[in-house]
Structure formats: C-alpha cells, structure tokens
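# Structural overview for review
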There are 2 protein chains.
Amino acid sequence: MAPLNPNLDHQSRPSRSDARSAADYVTGILDGNRVTLSQAITLLESTRPDHRDTARTVVEECLPHSGDSIRVAVTGVPGVGKSTFIEALGQRLVAAGRHLAVLTVDPSSERSKGSILGDKTRMGTLASEEDAFIRPSPTAGTLGGVAPRTREAILLCEAAGYDTVFVETVGVGQSEISVRSMVDFFLLLALAGAGDELQGIKRGIVEVADAIAITKADGDNRAPAKAARAEYEKALRLLSDPDSGWEPPVLTCSSQTGAGIDEVWGAVERYRAYTQETGFFEEQRRRQAQHWMEQAIEQRLHEEFFSDPDVQAARGDVEEALQDGRLSSLAAAERLLSIYRDSTS
Amino acid sequence: MAPLNPNLDHQSRPSRSDARSAADYVTGILDGNRVTLSQAITLLESTRPDHRDTARTVVEECLPHSGDSIRVAVTGVPGVGKSTFIEALGQRLVAAGRHLAVLTVDPSSERSKGSILGDKTRMGTLASEEDAFIRPSPTAGTLGGVAPRTREAILLCEAAGYDTVFVETVGVGQSEISVRSMVDFFLLLALAGAGDELQGIKRGIVEVADAIAITKADGDNRAPAKAARAEYEKALRLLSDPDSGWEPPVLTCSSQTGAGIDEVWGAVERYRAYTQETGFFEEQRRRQAQHWMEQAIEQRLHEEFFSDPDVQAARGDVEEALQDGRLSSLAAAERLLSIYRDSTS
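Residues numbered from 1 in each chain as written. Chains lettered and ligands numbered in written order. Predicted model: local features only at pLDDT ≥ 70, side-chain atom pairs only at ≥ 80, totals over all residues. Heavy atoms only, no water.

### Remarks on the overall build of chain A
In terms of helices and strands, chain A carries 14 helices and 7 strands. Out of the 345 residues in chain A, the part that is buried amounts to 57%. By sequence separation, contacts in chain A at least 24 residues apart represent 76% of the contacts at least 6 residues apart. Of the roughly 14,100 Å² of accessible surface on chain A, 49% is carried by carbon and sulfur atoms. (Helix = DSSP H or I, 4+ residues; strand = E, 2+ residues; numbered from the N terminus. Buried < 20%, exposed > 50% of the residue type's maximum accessible area, 1.4 Å probe, protein only. Contact = heavy atoms within 4.5 Å. Areas by Shrake-Rupley, 256 points an atom, 1.4 Å probe, with all protein chains shown as cover.)

Here's what the structure looks like:
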C-alpha cells in the first residue's frame, strides 16, 4: 500500500524482490521524487551486498548534482524544542521559496521507533508542505555508526533539489561531534536557567557551535532567556576559536510567538556570506570530504581487525591482562596485532 | 662523559654499542636511579628494532610497580607561566615529602631543541632538588605521535618511585586532548583579561579541565584575576559534564608570591579523594588503558595502510577526484581499501 503521506514513507524498505536499478533511483531523485528519495535513503541502511552496491552507485551518480545547499545541524537536549523550532523556521523558509530537507538523527530510534514518529507528528504542519522533506536519518550501515550514512543522505537530498538541509540531533551524545564534520553551520538550541536544565549538554558541544539560540523566550520566560543569552555570550568569549574569524552569536527566540526566528536564520546567512568571502566555507567542505574518507578507511580497518576470528578468540584474555595490570596498553595492542598478522597472512 | 646535572641527561642516547639489557634498565629504574630512568625514557623514542624490543620489555617489567601516583596534566598557552607555576608548586610538594616527576610535552621540540632547554633552565631550582625529576617527554616513536610514549614514560617514572607525575603541555594543539586520556587530573592555567590573551586556548580544552587556575594573580593584576575567575566559573557552569559528579573549581594563584598555590594542589587532593570514593578514579584509569590499547592498534593499522606502496601510488589521484567532487568520501575510501586488499593479499 502506498503511504498516505509522502513524508511518512521512510518505513518502506526495499523488498527482497525489489530489483530496481540504480538508474531508476537516480532518475527519481533528480526528478525530485520524494518517495524515491526516501527509499534511496532507506537503501543506504541496508547491509545486503547487492543493496550496498546499488546504494554506492546511486550516491556516486548523484554526487555531481549535490553540494548546492546550506547544511545546518540543529541540536539541543530533549525538551529544548527542536521540533517546534524546526517547524517554525522551516515554514518561513518554505514560504520564502526554499526547499528544505530535515534529517533527524535519533539514537533512541535503535531502541524504539516511537520517538521518531513522535517527532514527525510534532512537525506535522511542516511535513505536509510540498517543499519540505522530513525523514529519520539512516541509523545503521556497514561502515558503522550513524554518521557516514547521514552524510550520504545529505548528498541525495541535495541532488533531489533541496537547497537547505537540516540535520537534527539530540545534543547529548557522541554523534554531535560527528555531525559537526558534515555540516556548514552548527546551531545549538539551549534553554534559559543555566543551572539545572543545561546539565544535559555534552562537553564539547558548546565549543563547536556557530550560534546558540535560547528557545522559549516568550511570556515570563523572556527575562531569564535574556540573562541566559548574556551568560552564553561571556562563555563563548572564553572559548573562541583562534582558527576561525567567525564569532558565534547568541540569540533568543520563540517558536510559539515567532519572535527571533528570522534572526536565527539571519545568523546562518551572515555566516555563509562571511565564510564564502573568506574561503572558509569551501575549505571546510574540502576538509570534511577528506576527513570522511579517512574515517571510512579507519572504520573499515577497525571492523576487519576486531571481527577476525583469532582476534576475537584472544581479545578477552588480553583485555583481562590489560585491566589487571599484567600487560601495558601497548603490549596488549602488539599482542593482538601479531595475532591478526598471523591470521591474515 | 657523565652529565654534570643528573636532570640534564636527557640528551644521552643509547649508543650503537650500548648492549645494556632490559634487566639493567629495570634494576636501575626500580632502584630510583635517575640517569637510568632518563636513558630508559630516551629508549622509548628509538626506532631501532632492538631498542624497541628492549623498551617493550622494560615497560612490561616496570608495569607491576607502576600506577601508585597521581597523574596531573598542567596546560596553558605560552606566557601563562607554566614553568614558574610548576617550579613553585613542585618545591612545595618536594618539601612536603613527595617525589615529583615532570614530563614536558613540547611540540616545538621537533623543530628546535632550544625551547626545552629553555624550560629546564627556567625550572632550575626545582631541577636541582633530589626528589624531583624533570625531563622532556619522548617526542617520537614508531607507534606515532607523542602520546603513547608519554604514557609509557609515566609508567617508568612511577616504577622509579615518583608518586606525583606532572605532564606539562602547551595548551594550543591537539596533544592536550590525547594527554587528557593519560592523566587523572587536567589542570588548565589561564590568564586574566578574558578578551585577547585567551584567544590561544584551543576549543575543547576548557571543557575537559578538572580545575582552572588564573595565574599571575599578584599586584595590580589581582582584581582582573578575580574577575576572570568569576567569568570562568560562569562558563564552566554552562559546560558541566553530566557524567561526572566533580565540579571543576576556578582558582587564582601567584607563582611569585606563592598565594593560592596550595589551594590549587588542594583541589587536586580533593578530586583524588572524591573520585576514589566514587570509584571514578580507578574506572577512568581502566578506560584509559583500554583506550590506549585501541589507539595503538588503530594507529598501527593506519600506518600500515598509508605506507603501503600501492596505496601511496594511488592516493594522489583518489584524493584529487574526491576534492573535485568526482568521488564521494565513501567511494574514495572503498577505492583505496580495495587497492590495499589487492596489495596485501
């Protein structure tokens, strides 16, 4: 049965009898067909060798048509209001003629599919827009982790004509640092009340933000939001990166009243203009491409190493000796490396 | 010729005719012989296969005698006063009966040996103490980078009876994040005048600090130091790590007047007591041992991959295609991985 809502078709998986060719996917994507785009993203997650081959071809063929977008990570702890923020901002962007793709990276989706559907329901108004595409990002993949597949999903969205790509993540895990390496702009949403509510933000997240927006700055919360803004501004001054000329602004906004939402987007536009002028924009993308190539290589070498049967058989004893202080880290490494060498030669 | 100052013997290298056995090194180290300790640390840097074998044996034999110390990273930008701080604190620790080893990690030492000698001259008073051992950390090593060898040098210092190990780094590079993974406590020294002077601190450093000490808090600088302290306290509140119960304090001190120096050490002692009570201290060391084993494995796999002649021959073209957008990161990775597979099978 065809999905009623083209934005809710992410659960359609390529069936075992699905012999659709890479060319079919590519044609559909370049035509801007959302169902095909969504199915292609699903294909990225597949571990079946034939699917992997097809997915690889699809990505390669879409590659020349990708890149012409602004890639923005939107992150923040649960409860900060990411979905309502994206909905409020996204509707404005679509109304202004932009084509918006939203990829939601949700670590909890591996445990339960519920939260993603919840997110999608919350973004219901945006999801029904013709020019918006909302989808959970691939959560698995043979090259491990959420990151490589999400990066490819971005490329596919761009090839399908989306000029604005949001990657929504929950700002509490390791994935944000990976996500930083695949976007142009990293937006951190935060709540007023610096003490307790912010405890969930992972170390390292604030420091990689290109802008911070204090959400829910409406009603009685306007004054605390303003105070939080001042605190974050001071904090960012202490953390500023000498390598980059950009000074991350701290803003306040309300998805409910719409106040400040345009200003947040204004910061993204200013960042793009500034970094395109300095050449940092393109340079960062080039560095990211190199980074992901090396990451993919290291990931594969790692997987092959630790899935070697002889390494697996020896690993328990070696790690026990390491933890007991009978082997140093380096000696433990050499032990496993030599077992691997014998096993593969 | 024997060195005049036992603390200045780090330049003595094992000569080609040096047939000293691992057992000789181990005996000397366990006896607390500083010359032998220093020569053993030098041995860690050697790339000669026989030296590597000896070094590995020495580390393994010293391992059961290591671990009984507090390992403290002392970091901060050039000019913050790391050497004078270590000298001021070190003299107090030695006077209180502690045995202090200071390993200085200096990335510039690869370019010029001068800066290290400069550092050592600056720490002259401490260097002449019987119970203090000051040495540049190994800067090279077959397993790449400064980190693995520094970690082993810490173990050797502990086996030689040093119950307090400082690892001094320049807080502007990548090495600090590595160093974080080999110490129990990470102390960041910072200057008052949050605006300009701090620009050099690398992103991510503030967030991994277990304490921040504002240095040079004397004379007219006391008020600005106090103000800086308040700013950092606020910043750290925004950056606190939900995983750890420790709240990093911000302190002020003066190496010149001695004010606040004891309080900085008090924070280290409080941290140790607190984390030993919660079990975090040992847990962190166990995680670090596992981390360094995996790091060593990945480093070696990486080195073997990128030094493969066929990979080296193909790499230029592949990376050009990647940068031109003719290949995706993943496709570029697969290309090189398949070349490597053919080359090694």
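So that's the structure; there's more coming.
### Some remarks on the nonpolar core
L156 and I212 of chain A together with L156 and I212 of chain B are the most contacted members of the largest nonpolar core, which has 102 residues in total. When residues no more than four places from it in sequence are discounted, the contact partners of I212 of chain A are L188, A190, V206, Y232, L236, P249, V250 and L251 of chain A. Counting residues in each nonpolar core, the second largest holds 40 residues, with V318 of chain A together with A289, A296 and V311 of chain B among its members. (Core = buried A, V, L, I, M, F, W, Y, C linked by side-chain atoms within 4.5 Å.)

### Side note on helix α11 (residues 261–278) of chain B
All names here are of chain B. The end-to-end C-alpha separation of α11 is 26 Å, in line with the 26 Å expected for 18 residues at 1.5 Å each. For α11, the complete set of buried residues consists of I261, V264, W265, A267, V268, Y271, R272 and T275. Along α11, the residues classed as buried sweep out an arc of 145° about the axis, all on the same side. The positive-phi residue at the C-terminal boundary of α11 is G279, with phi of around 90°. (Expected span 1.5 Å × (residues − 1). Arc of directions from axis to C-beta.)

### Quick look at the environment of R34 of chain B
All names here are of chain B. Tracing the backbone through its elements, the reader meets R34 in helix α2 (residues 34–45). Residue classification places R34 among the buried residues on the basis of a relative accessible area of 11%. Spatially, the C-alpha atoms of R34 and I134 are 9.8 Å apart, while their sequence positions differ by 100 residues. A distance of 3.0 Å separates a polar side-chain atom of R34 from the backbone oxygen of E130. (Polar contact = N/O pair within 3.5 Å; in protein donor to acceptor, adjacent residues only side chain to side chain.)

### Notes on the pairing of strand β5 (residues 185–190) of chain B
Residue and element names in this part refer to chain B. Here β5 lies mainly inside the structure; 6 of its 6 residues are buried. The two faces of β5 match: F185, L187 and L189 on one face and F186, L188 and A190 on the other face are all buried. Two elements, strand β1 (residues 70–76) and β5, share 4 bridges in a ladder whose sense is parallel. Paired with T75 across the strands is L188, a residue of β5. Pairing of β5 with strand β6 (residues 211–214), which is carried by 4 bridges, proceeds in the parallel orientation. (Pairing = 2+ DSSP bridges.)

### With respect to the pattern of salt bridges
On inspection of all chains with the given rule, the structure shows 38 salt bridges over all chains. Note that E45 of chain B and R135 of chain B form a salt bridge whose closest N and O atoms lie 3.8 Å from each other. Of this pair, E45 of chain B sits in helix α2 while R135 of chain B sits in strand β3 (residues 132–136); the two residues are 90 residues apart in sequence, bridging distant segments of the chain. Residue E45 of chain B is classed as buried on the basis of its relative accessible area, which comes to 14%. The partner of R149 of chain B in a salt bridge is E152 of chain B, and the shortest N-O contact between them spans 3.2 Å. On the criterion of helical spacing, the pair formed by R149 of chain B and E152 of chain B is a turn pair, its members being 3 residues apart in helix α7 (residues 147–159). Assigned by exposure class, R149 of chain B and E152 of chain B land together as buried. Each of R52, D53, R56 and R300 of chain A together with E334 of chain B takes part in one network of salt bridges that share partners. (Salt bridge = Lys/Arg side-chain N within 4 Å of Asp/Glu carboxyl O.)

### Comments concerning helix α14 (residues 329–344) of chain B
Turn by turn, an α-helix covers 3.6 residues, leaving residues three or four places apart pointing in a common direction. Taking 1.5 Å as the rise per residue, α14 of chain B with 16 residues should run 22 Å; its terminal C-alpha atoms sit 22 Å apart, in good agreement. Turning to α14 of chain B, its buried residues number three or more, namely S329, L330, A331, A332, A333, E334, L336, L337 and Y340 of chain B.

### What to know about the confidence of the model for chain A
Residue and element names in this part refer to chain A. Of the residues in chain A, 79% have a pLDDT of 70 or more, and the chain-wide mean is 83. Note on residues 1–17: pLDDT is under 50 here. Beyond four places in sequence and across chains, it has 35 contacts. When the criterion is pLDDT under 50, residues 108–119 qualifies, and its contacts beyond four places in sequence or with other chains add up to 14 contacts. Two numbers describe this predicted complex: its pTM, 0.77, and its ipTM, 0.77. (pLDDT = per-residue confidence, 0-100.)

### Looking at the side chain of T169 of chain A
As for its position among the elements, T169 of chain A is in strand β4 (residues 164–170). Side chain to side chain, T169 of chain A and T75 of chain A meet in a polar contact 2.8 Å long.

### Let's talk about the state of the cysteines
Tallied over the full model, the rule gives 0 disulfides over all chains. Cysteine C157 of chain B is unpaired, with the sulfur of C62 of chain B as its nearest cysteine sulfur at 10 Å. (Disulfide = S-S within 2.5 Å.)

### Considerations on the packing of aromatic side chains
As enumerated under the stated definition, the model contains 14 aromatic pairs over all chains in all. Arranged with centres 5.7 Å apart and planes meeting at 35°, the rings of F133 of chain A and Y162 of chain A form a pair that is tilted. Taken together, the positions of F133 of chain A in strand β3 (residues 132–136) and Y162 of chain A in the loop between α7 (147–159) and β4 put the pair 29 residues apart, joining distant regions of the chain. With relative accessibility at 5%, the residue Y162 of chain A sits in the buried group. Aromatic side chains W246 of chain B and Y274 of chain B sit 6.2 Å apart centroid to centroid with 40° between the ring planes, which places their arrangement in the tilted category. Placement of the pair is W246 of chain B in the loop between α10 (222–239) and β7 (250–252) and Y274 of chain B in helix α11, with a sequence separation of 28 residues. Exposure remark for W246 of chain B: the relative accessible area of 11% places this residue in the buried category. Judged by relative accessible area, Y274 of chain B falls into the partly exposed class, the value being 34%. These aromatic residues form a ring-pair network of at least three members: F185, W246, Y271 and Y274 of chain A. (Phe/Tyr/Trp six-rings, centres within 6.5 Å; stacked < 30°, edge-to-face > 60°.)

### Observations concerning unusual backbone geometry
All names here are of chain A. Here the phi dihedral of K216 falls at roughly 55°; this positive angle occurs in a residue that is not glycine. Checked against the element boundaries, K216 lands in the loop between β6 (211–214) and α10 (222–239). When its relative accessible area of 38% is taken as the criterion, K216 is described as partly exposed.

### A few points about the environment of A217 of chain B
Of note, A217 of chain B is situated in the loop between β6 and α10. The sequence separation of A217 of chain B and C253 of chain B amounts to 36 residues, and the corresponding C-alpha distance is 5.3 Å.

### Topic: the side chain of R272 of chain B
Residues and elements named next belong to chain B. Relative to the assigned elements, R272 resides in helix α11. Although R272 is buried, it forms no salt bridge, and the closest oppositely charged side chain is E269 at an N-O distance of 4.1 Å. The residues contacting R272, other than those within four sequence positions of it, are S69, I70, R98 and F281. (Lys, Arg positive; Asp, Glu negative; His and termini not counted.)

### A short note on the packing of helix α12 (residues 280–306) of chain A against helix α13 (residues 309–323) of chain B
Packing of α12 of chain A against α13 of chain B brings their axes to within 9 Å, and their N-to-C directions diverge by 130°. The pairing of α12 of chain A with α13 of chain B is recorded here as oblique in orientation. As for the relative orientation of α12 of chain A and α13 of chain B, their crossing is right-handed in sense. Taken together, the residues of α13 of chain B that come into contact with α12 of chain A (itself represented by R286, A289, Q290, M293 and E294 of chain A) are R315, V318, E319, L322 and Q323 of chain B. Across the contact of α12 of chain A with α13 of chain B, the residue classes break down as 4 nonpolar, 2 polar and 4 charged. (Axes fitted to C-alpha atoms, helices over the stretch in contact; angles between N-to-C directions. Parallel < 35°, antiparallel > 145°, perpendicular 65-115°, else oblique. Left-handed = near helix turned anticlockwise from the far one by under 90°. Nonpolar A, V, L, I, M, F, W, Y, C, P; charged D, E, K, R; others polar.)

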